[in-house]
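# Results of the structural survey
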Amino acid sequence: VQPGRMITYEATAHDILMYPREDGYKQGPMVASATLGLGRDIAVPDHQMLDMCEYGDVSGQFYINSLKWLANGIIPDDELLSSLRIATYSECVSSYLISTGFQNVQAISSEAELASGLASADVFVAEWLGSSEPMENLEALKEFCAGGGGIFISDYGVGYDWWWGKELKDA
């Protein structure tokens, strides 16, 4: 069913925003947060929520607030634009963040450069990792987050079944 659905579990995961149903009840998370070790994660169930070329004017404030939370309190708000070090695979995300005033944004140009890009970042914004991110990169992201980094991620779990013939858990 569209839009994408998520589930949160474990003590450090929280539903932030829920899809409304017509009867007034909530039908499932559309934004979730969690901690992992010293780091933080925000997840959304559809990569289009993080497509800042298309939706920056709609979700921009959510984006900025999320980056503040992902900074884990290590950077005061008045220094966020100049001090927060952000890495992303997306040129679109990079351009959007620079246009909003962020001064330390690095676009990582290939999967092979992820680990080295994370070494100089506070936050990694993954517009979408795709269905075939190398396992060593997934491990690098896990270590980055557990060590205090922030990860802003999206995925569309049912797409793994629909488009790639994989299991939902592969998301």
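About the criteria used
- Residues numbered from 1 in each chain as written.
- Predicted model: local features only at pLDDT ≥ 70, side-chain atom pairs only at ≥ 80, totals over all residues.
- Heavy atoms only, no water.
- pLDDT = per-residue confidence, 0-100.
- Helix = DSSP H or I, 4+ residues; strand = E, 2+ residues; numbered from the N terminus.
- Patch = residues over 30% accessible without salt bridge, like charges linked within 9 Å, V, L, I, M, F, W, Y side chains within 5 Å.
- Areas by Shrake-Rupley, 256 points an atom, 1.4 Å probe, with all protein chains shown as cover.
- Salt bridge = Lys/Arg side-chain N within 4 Å of Asp/Glu carboxyl O.
- Buried < 20%, exposed > 50% of the residue type's maximum accessible area, 1.4 Å probe, protein only.
- Pairing = 2+ DSSP bridges.
- Right-handed = clockwise from strand over helix to strand, strands pointing away.

### Some words on the confidence of the model for the protein
Chain-level statistics for the protein give a pLDDT mean of 83 and a share of 87% at 70 or above. Confidence scores differ between elements of the protein, with strand β1 (residues 14-20) showing the lowest mean pLDDT of 72 and strand β4 (residues 85-88) the highest of 96.

### Here we look at a nonpolar patch on the surface
Together, W128, W162, W163 and W164 make up an exposed nonpolar region whose accessible area comes to about 450 Å². Counting through the fold element by element, W162 comes out in helix α6 (residues 157-162).

### Quick look at the environment of C53
Checked against the element boundaries, C53 lands in helix α1 (residues 52-70). Each C-alpha atom of the pair C53 and S94 lies 9.8 Å from the other, and the pair is 41 residues apart in sequence.

### Some remarks on the pairing of strand β7 (residues 150-154)
Of all five residues in β7, four are buried; the element is thus mostly enclosed. By the bridge criterion, five bridges tie strand β3 (residues 39-44) to β7 in an arrangement that is parallel. What sits directly across from A43, in β7, is I153. Alignment of strand β6 (residues 123-126) against β7, held across four bridges, turns out to be parallel. Opposite V123, over in β7, you have G150 as the bridge partner. Regarding the hand of the β-α-β motif, the stretch spanning β6, helix α5 (residues 135-146) and β7 is right-handed.

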